Every structure is written in C-alpha cells, then in structure tokens.
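Chains, contacts and geometry: an overview
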Amino acid sequence: MAAAAAAARGSVWEIQQRDVEAAGLADADAGAFVAALRSAAAVATGGPDAAWEAVAAGVLRPEHPHALHQLVYYSVYAGWDRAARGPPPYWFPSQIDTKQTNLGRLMEAHGPRLLGSSYKDPVSSFHLFHKFSVEHQEVYWSMVLKEISIKFQQEPKSILDTSDKSRKGGTWLQGAVLNIAECCLLPWPSQNRTDDSTAIVWRDEGLDNHPVNRMSLKELRNQVITVATALDTMFQKGDRIAIDMPMTCNAVIIYLAIVLGGFVVVSIADSFAPQEIGTRMSVSKAKAIFTQDFIIRGGKKVPLYSRVVQGTSSKAVAIPATGGFLGVSLRNGDMSWKDFLSCAAGRSSIYPTVYQPSDALTNILFSSGTTGEPKAIPWSQLSPIRCTCDTWAHLDIQPQDIFCWPTNLGWVMGPILLYSCFLSGATLALYHGSPLGRGFCKFVQDAGVTILGSVPSLVKSWKAGNFTEGLHWTKIRVLSTTGEASDIDDDLWLSSRASYKPIIECCGGTELASSYIQGSLLRSQAFGAFSGASMSTGFVILDEQGTPYPDDVPCAGEVGLFPLYFGATDRLLNADNNKVYFDGMPIYNGRQLRRHGDIIQRTVGGYYIVQGRADDTMNLGGIKVDPPISNVFNSLLSPLNFMKLNKYCSSYKQTSSVEIERICNRADEALLETAAVSIKPAGGGPEQLAILAVLKDRSPPCDANVLKSKFQRAIQKNLNPLFKVSYVKIVPEFPRTASNKLLRRVLRDQLSKELSNRSKL
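As the structure is a prediction and not an experimental result, all values here were calculated from the model.

Of all five residues in strand β9 (residues 288–292), five are buried, a share of seventy percent or more. Burial along β9 is two-sided: A288, F290 and Q292 facing one way and I289 and T291 facing the other are all buried. Pairing geometry for strand β7 (residues 240–244) and β9, over four bridges, is parallel. Across the sheet, D244 pairs through a bridge with T291, a residue of β9. With five bridges connecting them, β9 and strand β12 (residues 315–319) associate as parallel partners. Of the residues in β12, the one forming a bridge with A288 is K315.

Here we come to the pattern of salt bridges. On inspection of all chains with the given rule, the structure shows 22 salt bridges. Salt-bridge contacts for R221 lead to D195; the nearest nitrogen and oxygen are separated by 3.0 Å. Separated by 26 residues along the polypeptide, R221 in helix α11 (residues 217–232) and D195 in the loop between α10 (180–185) and β5 (198–204) bring together distant segments of the chain. Residue classification places R221 among the buried residues on the basis of a relative accessible area of 18%.

Over its 15 residues, helix α24 (residues 704–718) extends 21 Å from the first C-alpha to the last, a length consistent with the 21 Å expected when each residue adds 1.5 Å. Among the residues of α24, those classed as buried are L707, F711, Q712, A714, I715 and N718. Against the buried residues of α24 lie α23 (657–665), β32 (671–679), β33 (688–695) and β34 (725–730). At the N-terminal end of α24, a side-chain oxygen is found 2.8 Å from the backbone nitrogen of N705, two or three residues along, and the residue is D703.

Here we come to the packing of aromatic side chains. Inspection of the entire model under this criterion finds 24 aromatic pairs. Judged by centre distance (5.3 Å) and plane angle (70 degrees), the rings of Y73 and Y77 are edge-to-face. When sorted by exposure, Y73 lands in the same class as Y77, which is buried. An angle of 80 degrees between the planes, with centres 5.9 Å apart, marks the rings of Y431 and F440 as edge-to-face. The buried category is assigned to Y431, whose relative accessible area is 10%. Take F440: its relative accessible area is 1%, and that puts it in the buried class. For the cation-ring pair, R280 lies above F366, with the distance from its terminal atom to the ring centre recorded as 5.3 Å.

Moving on: the packing of helix α5 (residues 66–76) against helix α20 (residues 488–497). Where α5 meets α20, the axes come as close as 10 Å, and the angle between the chain directions of the two elements is 110 degrees. Relative to α20, α5 is oriented roughly perpendicular. Crossing hand, α5 versus α20: right-handed. Taken together, the residues of α20 that come into contact with α5 (itself represented by H66, H69, Q70, Y73 and Y74) are D489, L492, W493, S496 and R497.

What follows deals with the sheet that holds strand β13 (residues 335–336). Ordered in space as β13-β12-β9-β7-β8-β15-β16, the seven strands form an open sheet in which the pairing is mixed. Each edge of the sheet is formed by a strand with only one pairing partner; in this case those strands are β13 and β16 (376–380). Of the strand pairs in this sheet, β12 and β13 are connected by two bridges, and their pairing is parallel. Within β13, the position partnered with V317 by the bridge is M335.

Attention now moves to the sheet that holds strand β25 (residues 555–561). Spatial ordering of the open sheet is given by β24-β25-β28-β29, a layout of four strands whose pairing is antiparallel. The open sheet has two edge strands with one neighbour each: β24 (539–542) and β29 (608–613). Ignoring which end each strand starts from, the neighbouring axes of this sheet average 40 degrees apart. In this sheet, β29 lies alongside strand β28 (residues 594–602) in antiparallel orientation, the contact comprising four bridges. Each residue of the ladder has a partner; that of Q601, found in β29, is I609.

A few words now on the confidence of the model for the protein. Scored by pLDDT, the protein comes out at a mean of 89, with 90% of its residues at no less than 70. Of the regions scoring below 50 in pLDDT, residues 1–9 engages in 13 contacts with residues more than four places distant in sequence or in other chains.

Another point: the environment of H130. Along the chain, H130 falls in helix α8 (residues 126–135). Exposure remark for H130: the relative accessible area of 14% places this residue in the buried category. Taking the C-alpha atoms as reference points, H130 and G532, separated by 402 residues in sequence, lie 9.4 Å from one another.

Once that is clear, we can look at unusual backbone geometry. Despite not being glycine, N192 shows a phi value in the positive range, around 55 degrees. Mapped onto the fold, N192 is located in the loop between α10 and β5. In this structure, D396 takes a positive phi of about 60 degrees despite not being glycine. Secondary-structure assignment places D396 in the loop between α16 (382–395) and β17 (402–404).

It is worth spelling out α11 at this point. Helix length check: α11 (16 residues) gives 23 Å between terminal C-alpha atoms against 22 Å at 1.5 Å per residue, within 8%. What α11 keeps buried is the set L217, L220, R221, V224, I225, V227, A228, T229, A230 and L231.

Now for the environment of L260. In this fold, L260 is placed in helix α12 (residues 249–260). Separated by 77 residues in the primary sequence, L260 and C183 place their C-alpha atoms 9.5 Å from one another.

Here we take up the side chain of S367. By the secondary structure assignment, S367 is in the loop between β15 (361–366) and β16. Under the relative-accessibility criterion, S367 is labelled buried at 12%. Polar side-chain contacts of S367 include one of 2.7 Å to the backbone nitrogen of K375.

What follows is about the environment of E754. Here E754 is to be found in helix α25 (residues 744–760). When neighbours within four sequence positions are excluded, E754 is seen to be in contact with Y727 and K729.

Quick notes on the rules
Residues numbered from 1 in each chain as written. Predicted model: local features only at pLDDT ≥ 70, side-chain atom pairs only at ≥ 80, totals over all residues. Heavy atoms only, no water. Buried < 20%, exposed > 50% of the residue type's maximum accessible area, 1.4 Å probe, protein only. Helix = DSSP H or I, 4+ residues; strand = E, 2+ residues; numbered from the N terminus. Pairing = 2+ DSSP bridges. Salt bridge = Lys/Arg side-chain N within 4 Å of Asp/Glu carboxyl O. Expected span 1.5 Å × (residues − 1). Contact = heavy atoms within 4.5 Å. Polar contact = N/O pair within 3.5 Å; in protein donor to acceptor, adjacent residues only side chain to side chain. Phe/Tyr/Trp six-rings, centres within 6.5 Å; stacked < 30°, edge-to-face > 60°. Lys NZ or Arg CZ within 6 Å of the ring centre and 35° of its normal. Axes fitted to C-alpha atoms, helices over the stretch in contact; angles between N-to-C directions. Parallel < 35°, antiparallel > 145°, perpendicular 65-115°, else oblique. Left-handed = near helix turned anticlockwise from the far one by under 90°. pLDDT = per-residue confidence, 0-100.

Shown next, in the form of structure tokens:
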C-alpha cells in the first residue's frame, strides 16, 4: 500500500506549472494550483484512488478547464493496473452520508434483524443486503412499498405467488386494487407533500432569462381531472389513446388523465415518421391521438401534426406548441386542445377514479427497434411501482429533490421519470425545447435541479459547445445516464461540472420497466461502468454453451436474468412473450432464465460493462467484434498526450465496435462522433470495416479519404494492426431510436444497399 501511495503521489508530482498553464489555467493561478495539488496528494493515505479522492474533493473545481481535469485524472491513474484491479473509481461513498440515503436508512433500520451479526453498515454490508433482496423478494418488496406513495383500495393478498407455473415471472401483488395515477396526485404526509407542494417546474425555450414556471400538486390534480372528464365524454373505459408530442406539462397531464380515467396510454415518440406512427397506432388499436401542431427545437418549428395525420386516420387532438392558437388547419373530425377541454365545462370537479387490479393494462410502449421490428410492450400498474422503487434505491430520489431528464413519453424513460417524481414526492423539471444547447443547461441551474439524467450524446453536445461555462450546477447531487455507450472522457467532463458527483449508469429495458444493472450510492463508481445488479435482481453470465460462469468471477457472455422479476412484462401485443424471453434459455436453480439479449462483462472488482446485443456483432478478419459499452482508455488520450497513458491503456485489449468509434472520434478535431459497422462485399468474402462520421457544427469541410487514413493509423496504433478501414462516409447525422440509441443496423443496411447499387452500376 505504501508503494502504491508513493506511486500516486509521484505521478501527481510530475505535473509541473507549465503543464497546468498548457491545460488552460491562467499563469497567475497555476502555481497555487500545483501547490494545492501536491499538498492534497501528500496527505492521501493509500493508492491512486485515495489520491484522486483527495484531489477531486479539494483541488479541482467545475470552472477549471476540462484539459486540466484530464491532466490530473489521467496522471493520477497512469499507473493503475486495470487487469489486476478493474476499472479505476472516481467517486467513493461516505460512511456517514450513506446512512442518510434511502437505501442506507432502510438497511440501518432492518439490516441487523435481517442479516444478524453479519450486518455492519450500509457500505460494507451492501452486497449482503442485495443478495438478501434477491433471495427474499417478498420481504424486500414489503419494506420498499411502504417508502413510496402507493394507496391500495384493496391490499394485496401476497407480495409474490409462484404457484402458477405457467407464469414464469410469478404473480405479484395478487388481489391488489388501485389507480397508480391517483397515487401520483394525492398529498402524502410522510413525504411532506401537500396540495401547495411544487409538482412541476418548467421553462419554454427562448425564455431562458425568465423565471421558471411552477405548478402545485393541487393545480396538477385539477388539470388532470379536467382532461379525464373530457375523455369520458368521448371514449369508453379501456380505450387506448396515444400521445405523440414532446414531454411538456400538457403531455404529463394527458398521460395521468388517461390512466386516472381507466383508459390506456399508447406511447409514441415525437421523432417518428408517419409510417412508424401508423404502425404503432395499428398494433395498439388506438382510438385517438394527442399531438402538437409543431415541435419547437433550437428555435425551429418542426411539423408534427402533419406527420400524425399522414400516419393515422384516428381522431387527433392538436395542442398549440406556443400561444393559444394552432398554427395548422385541422382535418375533419380532429379537435383543437381548447375545444377538447370545453367538453369538461360544467361537470363536477370531483372525479370518479377508476380502480383496477394491479396487473391491469395502463400503458403500451414500444421497444427501441435496434435489432428488428419494435415489440408492443404492455405496462401494468406494477411497472410504475418497479421503476419508482429502483429510482428510490439507486438514484436516491427524495421528496426535496428536483429531477430532470430530457426524454419523451414514447421512450421508457418518460414514464419512469414521471412516476419516479410523483410517487416519491419529488418535483418534475421539464424544459420545453431542445436539450442540446445552453438554454437547457441554464434551466438546470435556474430550476435548482438536484438529480440530472442524460444520454451520452447529450453530454457530448454540452461538452463540445462548452454550454455550462459560467453556470453553476452546484445543487446537483446525483447524475445518471442510460441509452447508449458512455464515453469515459465525456463522463469525466460531466461529473466535474457538478464537483464530481456520482454518475449512476443504468441499463435495462422497456419490458423490465427499469434497469437490471445500475450504479449505487453505496458503492464506489467508475466511469462508464455499472457497479452491480439492481435491487432484487439476480442474473448469471452464460458462456457460449449456455453454462453459467461462477459468481464473482471476471468473465463475459450473454446475461440470463432470474425470472422472478417484479414489474417485468408477462405479455406482448404483437409477439409471443415466452418465445421472445424464455424459449431456449437454460434452467438455473430450478427455473428457466429470462432472456434479455445483452452481452456483458464482469470485471475484476465486480463492475459490469455492457458489450452490446447478442444479435449485433461484426467479424473482421476472423476477429469477432461486439458493440460494447466498454471502458477503453486507449481511446481517451487527452490533448496533452502523456506517454505514461500508454502503459495505463495497455492492460485492456478487448475489441469492440464502440472501442473502434472511441479511437476514431479522436482522430480529427472536426469529428463529433463516428459509427463503426461491418459490410459484406457484393461479391462475397470477409466482412469489411466501414466508418461513418458526423462533423461538428461550423467545422471546416473534411475529405473522406483523409479521414480514412487517419482512422487507419489510429486503429492500427491503438487497437489492432490487422483491422483495415475499407470505407469512410461523412453523413449529416446518425439514425437513432426514440431513446437516442444509435441504429447501427440501419446504418449497415443503408450502406450495404448504397454499395450494392454502385457495384451494379
């Protein structure tokens, strides 16, 4: 340990004033910074992780240039042996603070009784408590259900019933009757939530210097009742009603009103083309659709109503994006928002809430479609409970929090965000506009956001534009990300903007209503890595023969989820649930495992890295290449290009499409992002590597052949000298799902078709 500590101090001691000045710190401040850096490192007792903890907490500040954060972080961890120690941590739980977290309080209250003398404290006993939550789910869920605002009209007869063997995921909350939307709208004394509590804060794009708007719980409830009352004049209970619009206050109100009234929400992302809208309307058998005339993004008006009417003949209710008047003419049979609301005039303000069994259908969502046709996934009233309890446990959402996550009700994060706020007593923060620019970043500051969610491409945009400069994200205490591969250097930037608060990585699926692996505030966090399974979730990693690897052994393979999973769907509208999720999966401990489709790696130290989908791989020169979310420091050479990083990076040699992309992203300063796909030559033969590139705004034109040479050199130097770049194409943007996942399959198909046409010519 003494040698490790000395090595860490030594690496920091190598940083000179000239290095700090080159990283962008003013000459007048550089000397003091170096002195503070060395002082913090000198008193750190331990290895590089201890040195980093001291430096991150006491020396580095959000306003420092990113290059300075890079300089310090990569220097401290230059000698870190990743192969022997796993991913290097950047955030560390406090023994004191963790006892004030939701999960920490639960463990302190029940840990000694449940775990006996084995229980010590929330940090050191976390793995034991997690294991207990998997093996004794009835006990775990009976405790956690009391922590969120769930009001049963009829209490459940049992938490979990496994007597019906045809229900492989078990029967949950049997006999329970409730309305999950009503639970979102009630005052809740234990959360100090009253009618006057702020339920939503929001701001419209373009009004970035105006005060944020606020809506109380009472105002929200009244508006939800008005919409639900108007729905009753037009539809029958159980009818399916779609929402295709940005996640605005009105969208949230409509969503809750549909569920409160005993109807079913059909979630459609506002980015879809008419054909995709029509497909989802048809599969779900939706009777009507709520939409907007336009979408306001980045100062531009993007048509939405016109796409909806091209995609479906179902009745549409159109809401003006700005002001009180629509900017489009309506077709016969459609309604304006104003006329729709007038249907509730003169009716009682007391609404007859529709109570239903816990497994009643409330929402139809659709899978992202990254690997094929989207699946129509029904959410019952169990699904909101699951996602809220996971957010409660892993993001530590509390009643005083203000939670913001740029998303859409057409993606699973929309309902997760909505329910997580309202069932936990927290405030929902919404920005009506583009989340890509400074306006959104300023809203985060002005709204006092305490929990901020993102997807990596958003972070990349904020970082590239330096949109947080001069802003204070000091109230943020937890960050989170999901949806696509995290870039370690981008995560370094994001965490540093909030004084190195933890980034909770999440990975799951619409059909799970949550994440099966994610970070925890009771464990140290490493950039781009998941620190464990979600509470009550068990899984194994399977080898190529379908045999589980031993627990806690570093390995990589397809994940197999334990089937008893609270909140997971047990049906699909357009596919066979058992065939999709269970057929062909091995039996483990007497039960058939549930398929999820991810390839994951368990590292030394017990972290997890998702390596992409099992059905989406490349084969380059006989070398299998998966599309992982991996931690590859080869691609993270800072602009300062320290020689010592080569030693640090050499301990990790796994190959992946995302690794190729990370290396290529840094081949030229004009690049915003790249995508690596394989293409099969028209005349047959081995798959070939193609790189597609998106340039930064206002960057000078680039030549594809020049980029090809740069990509080739970077890949051969930092990854694999056997990989050959066969084709490079510059494109304006990449196709993505509603959840912002990169559609490599679509890119591959488009490129293959283009090259095939060329070959024919």
